[in-house]
Amino acid sequence: CAASSPYDYSATTDCLGGPWSPLYDGGLIGNPNFDSGLDEWDKFGLGKVELRTSKYVNNNYMVAYDRKMATDSFSHIFYVQKDLYYTFSAWFQIDEGSEIISAFVQEPNGTNVIVGSVIAKSGCWSMLKGGFEVDQNMKVQLFFASKNTDIEIWIDNASLKPFTKAEWRAQQNKSINKVRKRNVRIHVTSEDGLKLRGAKVIINQTRSEFIVGSGTTSYIVDNKGYQDWFVSRFAAATFNNEMKWYYTEVGPDMENYTVTDAMVSFFRQNGIAVRGHAVHWDATNVNQYWVKLLAPRDIFRAAMRRVGSIVSRYSGSVNGWDVMNENMHNSFFEEKLGANASAMFYQIVRAMDPQTPLFLNEYNVLEYPMDLKVIPWKYVEKIREIRAFTGNENMPLSIGIQGHFLLKPNVSHIRASFDILGATGMPIWLTELDFRRGPNQVFEFEDVMREAFAHPAVEGIIVWAGWKPTSCNERCLSDKNYTVLPTGCMELCLVDSNFNNTPAGDVYDKLMKEWKTTNVTGYTDKEGIFEEKVFLGEYSLTYSHPLIPRPVITKFNVTRAKEPLDVWVSL
């Protein structure tokens, strides 16, 4: 496969009548579409394999059948190298029902590394897209697994493409240039329309279209140092706890929004967006003791009162609602109120606040690919389940992915997951991004930030760095036992207790500077035009000319579009 091949972002969450052609013509996969029979392929485990030809479309595919174990399937052997990103795709079908199929590579020592997973169905083809890295050069064996051994697994049009880290970064930059920037043409004319050559133009970005924010705590209300640090860096805020039900109503009918109101007021005064985190949380252990003691009908009444209270109070003050937090891992409300509880609450919040985006919000989607409850295809399935509820059919939803990386991020898998989820056309946010403490934290932080910013489907990031005086003090920052988080400490600290940057804070500031257009200065040409490619967002424009007695300042906004933006100004 050619080293110069660009990354292919294409993906689908539809189950199709026939598979797409293999990406990158198969890349490292020999005989990717089985035109040469079973050459390059073999069975894996105890089952049997055979070649079949579709009755409906003219293509061959490979089938694993008579399976005795979950891993009985087919395999492909190839050599891989460290310091490369591998991206994998293939199409799967099964003979009956619907099952999760996972792809793995097995290392010589027997370690199995997951590549990605898909929900395969009978009668149509589903696309698995994933990726992996290795820490040494080796020969590996690609294989596939499904817990249900009674099904046949069908595969077609597989591909495996390696990218060097330089190629990966180059693709990120290419994507950023395409989806985060736009050409702007400043036209300067005299009052009677004469094109002015030699007008001085200065452009400064005042707000980015791509939103980057942080978690925050109640200390923001009265700590001036914290306020100054936060306001100078972030465009959005998520309250760590202060908007959650257990915080605002500790006991029945004992609502207290004093702190929450003060926080919302502070951020509104400073032009910082607030995420509504969260209306409800589906985990049993985080719901108040008094809620869990109620009969189901009374839980319903209390939960409805909660929805009405918080949504009516902050409608117009938040830029998104996490309606039912972590409802793919948990099911407290479903167990108490019925299988459609989440869908019902989404409908109610939508009716109360139709202009504010509604989010799902889950962990392990990117962080832990072995968590099959939240693979991208399961996430899409959950969205469809919510929309299947009567009245929700066309409900616009947004995708919240937390991103608590306690393990090394698999960057190629992250991009593939963005591809799959992005195929829904729904906005993606990283909502609670942090990383395990340690010497590699800053590198992992930068890698994932760059990956998210560069991906066309991602619209925002919340860094989970809500500060407290005790969360990032000397005790926390000096502790070297990275496997155990000291009590009261944060995994990710951008500043210390005196608001001096940590190394992670330096990385954050570096990226924000890199992703902002500042102090661009130039002069108009003979046509009275100055042209520059700038990051999307809001801008201040200062222009001057010998015919103008003093510089003129105006504003303009750069939104995403293919064609250049023409900005006309005159004396």
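Source: prediction; values computed, not measured.

(A) The arrangement of the packing of aromatic side chains in detail. Under the counting rule described, the total for this entry stands at 42 aromatic pairs. With 6.2 Å between their ring centres and 25 degrees between their planes, Tyr226 and Trp229 make a pair best called stacked. You can see Tyr226 and its partner Trp229 sitting in helix α2 (residues 224-231), three residues apart, about one turn around the helix. Per residue, the accessibility class of Tyr226 equals that of Trp229, and both read buried. In textbook terms, an aromatic cluster arises when at least three aromatic residues are bridged by ring pairs, as seen for Tyr219, Tyr226, Trp229, Phe230, Phe234, Phe239, Phe266, Phe267, Trp467, Phe499 and Tyr508. Stacked on the ring of Phe163, the Lys or Arg Lys161 has its end atom at 5.1 Å from the ring centre. Over the face of the ring belonging to Trp429 we find Arg275, whose NZ or CZ atom lies 5.9 Å from the ring centre.

(B) Representation of the sheet that holds strand β26 (residues 565-570) in the model. The strand order β23-β11-β26 describes an open sheet built from three strands, whose pairing is mixed. Two strands lie at the open edges of the sheet, namely β23 (529-535) and β26, each paired on one side alone. In this sheet, neighbouring strand axes are inclined to one another by 25 degrees on average, regardless of whether the strands run parallel or antiparallel. In this sheet, β26 lies alongside strand β11 (residues 181-189) in parallel orientation, the contact comprising six bridges. In the strand pairing of β26, Ile186 is matched with Val567. The sheet strands contacting helix α1 (residues 165-179) are β11 and β23, and the helix crosses β11 at an angle near 40 degrees.

(C) Quick peek at the UniProt feature "domain: GH10" (unreviewed entry) in the protein chain. The UniProt entry lists residues 196-494 under the feature "domain: GH10" (unreviewed entry), expressed in the numbering used here. Secondary structure over residues 196-494 splits into 36% helix and 20% strand, and the C-alpha atoms at its two ends are 47 Å apart.

(D) Examining helix α6 (residues 296-314) more closely. Along its 19 residues, α6 runs 27 Å from first to last C-alpha, staying within 8% of the 27 Å computed at 1.5 Å per residue. Looking at α6, one finds that the buried residues are Ile299, Ala302, Ala303, Arg306, Val307, Ser309, Ile310, Val311 and Tyr314. One or two steps after α6, the chain reaches Gly316, where phi turns positive at roughly 90 degrees.

(E) Here's a closer look at the nonpolar core. The biggest cluster of nonpolar side chains holds 109 residues, and the ones touching the most others in it are Ile186, Trp321, Phe445, Met449, Leu494 and Phe556. Core analysis: the next-biggest nonpolar cluster, separate from the first, contains 51 residues, Tyr61, Phe92, Ile155 and Trp377 among them.

(F) Local environment of the environment of Ser159. By the secondary structure assignment, Ser159 is in strand β10 (residues 153-164). Other than its neighbours up to four places away in sequence, Ser159 contacts Leu23, Tyr24, Gly26, Ile29, Thr87, Phe88 and Ser89. A polar contact of 2.7 Å, which involves the side chain of Ser159, links it to the side chain of Ser89.

(G) Molecular detail of the state of the cysteines. Evaluated as defined, the whole model comprises three disulfides. The disulfide that involves Cys15 links it to Cys124, with 1.9 Å between the sulfurs. Where Cys15 bonds to Cys124 through sulfur, the torsion about that S-S bond is close to 95 degrees, and the disulfide is right-handed. Of this pair, Cys15 sits in the segment before β1 (41-44) while Cys124 sits in the loop between β7 (112-121) and β8 (126-132); the two residues are 109 residues apart in sequence, bridging distant segments of the chain. The side chain of Cys472 participates in a disulfide bridge whose partner is Cys493; the two sulfur atoms lie 2.0 Å from each other.

Parameters and conventions
Residues numbered from 1 in each chain as written. Predicted model: local features only at pLDDT ≥ 70, side-chain atom pairs only at ≥ 80, totals over all residues. Heavy atoms only, no water. Phe/Tyr/Trp six-rings, centres within 6.5 Å; stacked < 30°, edge-to-face > 60°. Helix = DSSP H or I, 4+ residues; strand = E, 2+ residues; numbered from the N terminus. Buried < 20%, exposed > 50% of the residue type's maximum accessible area, 1.4 Å probe, protein only. Lys NZ or Arg CZ within 6 Å of the ring centre and 35° of its normal. Pairing = 2+ DSSP bridges. Axes fitted to C-alpha atoms, helices over the stretch in contact; angles between N-to-C directions. Contact = heavy atoms within 4.5 Å. UniProt positions renumbered as here; feature names shortened; annotations may be inferred. Expected span 1.5 Å × (residues − 1). Core = buried A, V, L, I, M, F, W, Y, C linked by side-chain atoms within 4.5 Å. Polar contact = N/O pair within 3.5 Å; in protein donor to acceptor, adjacent residues only side chain to side chain. Disulfide = S-S within 2.5 Å.

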